[in-house]
Amino acid sequence: MRNLPPPDSDSSPLGLEEWIGIIIAVITIGAILIGVLGQRQKGLNLQQWIGSLTSEPTTEAPEEPKVTSPIAEEIPTRETLSSAPLATDSASPSPAVAAAPESIDEDEAFPEIARAVPLAPIVSAPTTETETPTETAEIPTETPEATPTPTPTETPDAAVKFTDVPDDYWASPYITALVQRDIMSGFPEDNTFKPNSSITRAEFAALLRSAFEQQATLEIPNFKDVSSDFWAWSAIQETSKTNFLRGYPNNTFQPKQPIPKVQVLVALASGLGLEANQSPQQVLQTYQDSNQIPEYAREKVSAATEAGIVVNYPNTESLNPTQDATRAEVAAMVYQALVEAGKADAVTSEYVVNP
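About the cut-offs
Residues numbered from 1 in each chain as written. Predicted model: local features only at pLDDT ≥ 70, side-chain atom pairs only at ≥ 80, totals over all residues. Heavy atoms only, no water. Buried < 20%, exposed > 50% of the residue type's maximum accessible area, 1.4 Å probe, protein only. Helix = DSSP H or I, 4+ residues; strand = E, 2+ residues; numbered from the N terminus. Contact = heavy atoms within 4.5 Å. Phe/Tyr/Trp six-rings, centres within 6.5 Å; stacked < 30°, edge-to-face > 60°. Lys NZ or Arg CZ within 6 Å of the ring centre and 35° of its normal. Salt bridge = Lys/Arg side-chain N within 4 Å of Asp/Glu carboxyl O.

Student: Kindly report on helix α10 (residues 261-271), identifying the contributing residues and their values.
Tutor: Of all 11 residues making up α10, 11 are buried, and the element is well covered by its neighbours. Listed as buried for α10 are Lys261, Val262, Gln263, Val264, Leu265, Val266, Ala267, Leu268, Ala269, Ser270 and Gly271. In this fold, the buried residues of α10 make contact with α8 (201-211), α12 (298-306) and α13 (327-340). Positive phi shows up at Gly273, right after α10, with a value of about 70°.

Student: Just give me the short version of unusual backbone geometry, but keep the residues and values in it.
Tutor: With an omega dihedral of 5°, the bond running from Tyr313 to Pro314 counts as a cis peptide bond. Relative to the helices and strands, Pro314 resides in the loop between α12 and α13. Here Asn191, not a glycine, exhibits a phi torsion of approximately 55°, which is positive. Its place among the elements puts Asn191 in the loop between α7 (172-180) and α8.

Student: Residues and numbers for the packing of aromatic side chains, please.
Tutor: For the coordinates displayed, the defined rule picks out 9 aromatic pairs. Pairing Phe162 with Phe193 gives two aromatic rings, centres 5.5 Å apart and planes at 40°, and the pair type is tilted. Placement of Phe162 in the loop between α6 (157-160) and α7 and of Phe193 in the loop between α7 and α8 is noted, with a sequence separation of 31 residues between them. Among the residues examined, Phe162 registers a relative accessible area of 6% and is labelled buried. Residue classification places Phe193 among the buried positions, given a relative accessible area of 0%. Three or more aromatic residues joined by ring pairs form one cluster here, namely Tyr169, Trp170, Tyr313 and Tyr351. One residue, Lys194, lies across the ring of Phe187, its end atom 4.3 Å from the ring centre. The ring of Phe253 is capped by Arg201, whose NZ or CZ atom sits 4.2 Å from the centre of that ring.

Student: Requested: an account of the pattern of salt bridges, with residues and values cited.
Tutor: In this structure the tally under the stated criterion is 2 salt bridges. With a closest N to O distance of 3.4 Å, Asp190 and Lys194 form a salt bridge. Note that Lys300 is salt-bridged to Glu275, the shortest N-O span being 3.8 Å. Residue Lys300 is located in helix α12, and its partner Glu275 is located in the loop between α10 and α11 (280-283); the two are separated by 25 residues in the primary sequence. You can call Glu275 exposed: its relative accessible area is 52%.

Student: Which residues make up the environment of Ala325, and what values go with them?
Tutor: With respect to the helices, strands and loops of the structure, Ala325 is situated in the loop between α12 and α13. The buried category is assigned to Ala325, whose relative accessible area is 0%. Taking the C-alpha atoms as reference points, Ala325 and Gln263, 62 residues apart in sequence, are found 9.0 Å from one another. For Ala325, the residues in contact, after removing those within four places along its chain, are Ser197, Ser198, Ile199, Ile259, Pro260, Lys261, Val264 and Val330.

Read these as spatial facts, not as claims about activity.
So, in structure tokens, the structure goes:
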């Protein structure tokens, strides 16, 4: 029997391999504890801690400042992943952050240990500036249409061809012309013109205002027998200021009085400013009844005769100055005055007096 030396009391019963296993187990347990504590105490990086045990310490580069965009999504970090609240199926979100469980799966809690964390896509911020269109919309310009030259509108035949004015009536051309110009009119109730009826001084004033546009040269008259509410008041005022018609010495106008033929001729000659070129006595010899012409009217009647305004029917040598002028005679003499004023074309008539 062989004698063995007694065992050394200071020697360890564990071998080298057992000690290495114990150290690795301690490190592993410590890593797990550190990971759990790191989830609670944010900021401890398990991967960096484990790497520090197996690699040489390196000098950390200064952290570059993060540039954040108000539009781009934030890149998730380990801290935000570990501190983010867990999604639940609850319909109403809770403002509080869910507490971390006591035990957590390392692969689920720290997926960056096994794989890289995918970066959130950078969303370019949409521009808020309003782009100014480079092309300006052209404003269509309308070409003004050529304004047609207005032509006198003729009165329908029914209004011109009065039942008492046949085509061969001596004053028919004059009546038709004045009706077409809206200077005179007929009587619509029976479609007549009444050519042989007389015309009052008020009616003649209204006719003159429609036919002529003369400048006022006299003061406004104030006839005591013409009130401002009289239908022809404005016409009487206007024709008196333009020297066509004058009142009587007693400051009356006598608007309802029929106007005699001599007053028609004096009014036309005065309003147009006609003057006699020859001696009135010589010109008035044309009329057989020249002695019936009032003294105040002789010069103006002579001027009207020289201008071709006088129209005598049926005898050119008979003036009949004091007789009431008929509507046909007034139409003929007013039209001839328009011819003299250059506002109408001459009408051929055998009853126009040529001295």
